[in-house]
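Report on the structure
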Number of protein chains: 2
Amino acid sequence: MGRAQTGTGARPPRATIIDVAREAGVSPATVSRVLTGSKPVSAGPEQRVRAAVARLGYRPNPAAQGLLRGTTSAVGVVVPDLSNPYFAEVLKGVTNAAQHADFRTLVADTGEKAATERDAALELSRWADGVVLCSPRMSQWELTELAAAVPRLVCVNRLSRGTSIPAVAVDFEAGVASICHHLRELGHRRVAYLRGPARAWSERARQRGLRAAAGPDLEIVQIPCGSSSVDGHRAADAALATRATAVMAFSDYVALGALARFDELGVSVPDEVSLTGFDDISLSRLVSPRLTTVTVNKQDLGRRAWELFVETGADGEDGPVVMVTPELVVRASTAAPADMAGSLPKTAVDR
Amino acid sequence: MGRAQTGTGARPPRATIIDVAREAGVSPATVSRVLTGSKPVSAGPEQRVRAAVARLGYRPNPAAQGLLRGTTSAVGVVVPDLSNPYFAEVLKGVTNAAQHADFRTLVADTGEKAATERDAALELSRWADGVVLCSPRMSQWELTELAAAVPRLVCVNRLSRGTSIPAVAVDFEAGVASICHHLRELGHRRVAYLRGPARAWSERARQRGLRAAAGPDLEIVQIPCGSSSVDGHRAADAALATRATAVMAFSDYVALGALARFDELGVSVPDEVSLTGFDDISLSRLVSPRLTTVTVNKQDLGRRAWELFVETGADGEDGPVVMVTPELVVRASTAAPADMAGSLPKTAVDR
DNA sequence: CTGTTAGCGCATTCAT
DNA sequence: ATGAATGCGCTAACAG
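Figured I'd write up the structure that's included with this text. (Residues numbered from 1 in each chain as written. Chains lettered and ligands numbered in written order. Predicted model: local features only at pLDDT ≥ 70, side-chain atom pairs only at ≥ 80, totals over all residues. Heavy atoms only, no water.)

With respect to the packing of helix 1 (residues 17-24) of chain A against helix 2 (residues 28-36) of chain A
Residues and elements named next belong to chain A. Running from N to C, helix 1 and helix 2 point in directions that differ by 100°, and their axes come no closer than 8 Å. Relative to helix 2, the element helix 1 lies roughly perpendicular. Across from Ile17, Val20 and Ala21 in helix 1, the residues of helix 2 making contact are Pro28, Val31 and Ser32. Classifying every residue of the contact of helix 1 with helix 2 gives five nonpolar, one polar and no charged. (Axes fitted to C-alpha atoms, helices over the stretch in contact; angles between N-to-C directions. Helix = DSSP H or I, 4+ residues; strand = E, 2+ residues; numbered from the N terminus. Parallel < 35°, antiparallel > 145°, perpendicular 65-115°, else oblique. Contact = heavy atoms within 4.5 Å. Nonpolar A, V, L, I, M, F, W, Y, C, P; charged D, E, K, R; others polar.)

Structural data, given as structure tokens:
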């Protein structure tokens, strides 16, 4: 009973370094020296080794190398949800940087469940030299404990005071502040804020920005909401009911959901109500009206996490923290409140 | 010079199975037996081993296990672009299924460059037991050659006639046909098609669907376009210039770009022109008007790829091919052409 | 039921 | 400059 001649049928066993050595008429050690370049090898054997490697299609077994070197040349990335383009972008940033350094990327999706973050990180840490943890939802206490068990743990969008976990994070506080500033300049005095998950570190940071920006000339009304577009869709009515002239969403996703609801309701944006997002996902400039938001380069976030990962390996000293300041991008979803139409000069912005 | 007491400062060396054995007062083999459950172990030693494992926080070294077993319990996934939520979703599907089977996922991003696909797959194949290749752009010839070098290669959205590469793919042909049918039912007779990348397998499949659907009562005008939203934005004017009453986009992304352009132009959808997408990305139901498209469960695609991956390991016989038929979802971006308004009964659909 | 031995594939000693 | 020997951490095959 013969096997198919093409495709996956007959598969020759993988060549080992011994096969190559035999084929080239040298010792395994010489093959290794040629491949790693660790010690000089004279031209003759070198050529024969290279030829044998090519002929056999030999590639060293990473597991064996890892076992010997005690290092894997791999980095783990734990994300709450790969369906969320935000995390997919961060992952891409890490992966690209890692590939550049000849590192592999292992990925785990926790399905937004804080309970599985720990196990996922622990598991990946056995396969990789370290782990990048994106927006971990676990408690501060768990995180600290995890950092003790995982070599080279780097956080994205989660800062931990008192511990030395390296982290790169968006300055949500500053982002929220710039949105508030923008809305106040337009003349808004009462803004509804569509809250994200209460336990999220980024939400708490936003709250700090809100507290700093609130004052006699800017009232913030908090609306429980969530982080998805359907959350935004659901919370839109409550936001409208507050009689606020502007709605500030936790994220672009939430804003887009709210926008869809406003559209269903026949509420015009920005004529009747202004709307802002956060993150500047690609679709925010495609919807109508184009969304005013705050922009952050997610791939860059991932790239910086990689850099931290590399640095951390070097010393293992106190965890450096990189803050990335997002930038306000004013588009068409914000305008002066209806009762002030014409009382302010038109702003010349990216419309 | 003391190290920091918290966080990443002092790190004890990883415990090995020998440490555990010593700690429990047994031999390494017994520890292994307790952990793998390969052979029975009496209660006393078992308890001591478990306690020692917990105390030392021991976890077996996967590299060593892999070396011994000749298998890695990992699967590689190669995608053209992680920024594209389509691929991120497929990746999530694979990852979730893999995690369920206690497999790790390695990911590589080729940056849409066909030239790097081969290397990425080859590289991952050394670290994993096999590779899932998403929408490979490489030539048929390269793909066949790659399949011979990579154990357990599975393709997503790329069928190869003549070879036995297992694959799961969306039935683009049927999807396009159902859109054509829908538009013809509405009364459209002239449709502009915004073409995807000419070399893409999925585009060629769409063309087959188009050829089958075209006829005396349905003319298809081809417009070179691309696969991104900016491509759609750019090609929108040309589509309008054809005087077609409906525009059929290669994908939802392209459609969203075109929609944004129509909005800028003041062209009303669907009153002046109907518009359709393909894929049903989450934002298609949030834009205004909500996009008529064809839906496919991308995570399911990934899950099925995983299943194929598992099956392939079992026999290694001829590659099974799974076709996933997408479903038309009619929303608000399609209607009867303007010159036929009122001449057809309103369709009762998801508006 | 348990301990001892050997070897997975490789890089790195140490000899030559 | 090269070859032979050693061991990374683990599990499977033997012995007891």
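Regarding unusual backbone geometry
Following A:Ser288, the chain continues to A:Pro289 via a peptide bond in cis, the omega torsion being 0°. Mapping A:Pro289 onto the fold places it in the loop between strand 9 (274-276) and strand 10 (293-295). Residue B:Pro270 is reached from B:Val269 by a cis peptide bond, and omega for that bond is 5°. Positive phi, normally seen in glycine, also occurs at A:Asp102, with a value near 65°. Examined against the element boundaries, A:Asp102 turns out to sit in the loop between helix 5 (85-100) and strand 2 (104-109). With relative accessibility at 53%, the residue A:Asp102 sits in the exposed group. (Buried < 20%, exposed > 50% of the residue type's maximum accessible area, 1.4 Å probe, protein only.)

What to know about the protein's contact with DNA strand C
Close to DNA strand C lie 24 residues; A:Ile17, A:Tyr58, A:Gln65, A:Leu68 and B:Ser42 are nearest. A share of 62% of the atoms of DNA strand C within 4 Å of the protein falls on sugar and phosphate groups. A distance of 2.5 Å is found between a phosphate oxygen of DNA strand C and a side-chain nitrogen or oxygen belonging to A:Tyr58. A distance of 3.1 Å is found between a phosphate oxygen of DNA strand C and a backbone nitrogen or oxygen belonging to B:Ser27. Elements represented by at least two residues in the surface near DNA strand C include exactly helix 2 and helix 4 (62-69) of chain A together with helix 2 (28-36) and helix 4 (62-69) of chain B. Taken together, the residues of the surface near DNA strand C break down into 13 nonpolar, eight polar and three charged. (Near = heavy atom within 4 Å. Polar contact = N/O pair within 3.5 Å; in protein donor to acceptor, adjacent residues only side chain to side chain.)

Describing the pattern of salt bridges
Scanning all chains against the criterion turns up 44 salt bridges over all chains. Residues A:Lys92 and B:Asp109 are paired through a salt bridge, measuring 3.2 Å at the closest nitrogen-oxygen approach. Within this pair, whereas A:Lys92 is found in helix 5, its partner B:Asp109 is found in strand 2 (residues 104-109), the two belonging to separate chains. A salt bridge links B:Arg261 to B:Glu264; the nearest nitrogen and oxygen atoms lie 3.0 Å apart. Residue B:Arg261 and its partner B:Glu264 are both found in helix 11 (residues 252-265); the two are separated by three residues, about one turn of the helix. Taking relative accessible area as the criterion, B:Glu264 reaches 46% and is therefore assigned partly exposed. (Salt bridge = Lys/Arg side-chain N within 4 Å of Asp/Glu carboxyl O.)

Remarks on the sheet that holds strand 1 (residues 74-79) of chain B
The twelve strands are arranged 11(A)-5(A)-4(A)-3(A)-1(A)-2(A)-2(B)-1(B)-3(B)-4(B)-5(B)-11(B) in an open sheet whose pairing can be described as mixed. If you trace the sheet from one side to the other, it starts and ends with strand 11 (321-324) of chain A together with strand 11 (321-324) of chain B, each paired once. Here the strands of the sheet are splayed against their neighbours by 20° on average, with no regard to which way each runs. In terms of strand pairing, strand 1 (residues 74-79) of chain A meets strand 3 (residues 131-134) of chain A through three bridges, oriented parallel. Paired with A:Val78 across the bridge in strand 3 of chain A is A:Leu133. Most of the contacts of helix 5 of chain A go to strand 2 of chain B, to which it runs at about 75°, and overall it touches strand 1, strand 2, strand 3, strand 4 (153-156) and strand 5 (167-170) of chain A together with strand 2 of chain B. (Pairing = 2+ DSSP bridges.)

Section: the protein's contact with DNA strand D
Residues in contact with DNA strand D amount to 23 residues; listed here are only the nearest, A:Thr30, A:Ser42, B:Ile17, B:Tyr58 and B:Leu68. Those atoms of DNA strand D that come within 4 Å of the protein belong to sugar or phosphate at a rate of 63%. Within the backbone of B:Ile17, a nitrogen or oxygen atom sits 2.4 Å from a phosphate oxygen of DNA strand D. B:Asn61 has a polar backbone atom sitting 3.0 Å from a phosphate oxygen of DNA strand D. Those elements giving two or more residues to the surface near DNA strand D turn out to be helix 2 and helix 4 of chain A together with helix 2 and helix 4 of chain B. Tallied by class, residues from the surface near DNA strand D come to 13 nonpolar, eight polar and two charged.

Structural notes on the relation of the copies chain A and chain B
With an RMSD of 0.2 Å, the fit of chain A onto chain B corresponds to turning through 180° and sliding 0.1 Å along the axis. The transformation just described matches what one would write down for a two-fold rotation axis. Mapped onto chain B, 100% of the interface residues of chain A are again interface residues, and the two copies thus contact each other with one and the same surface. (Least-squares fit on C-alpha atoms with pLDDT ≥ 70 in both.)

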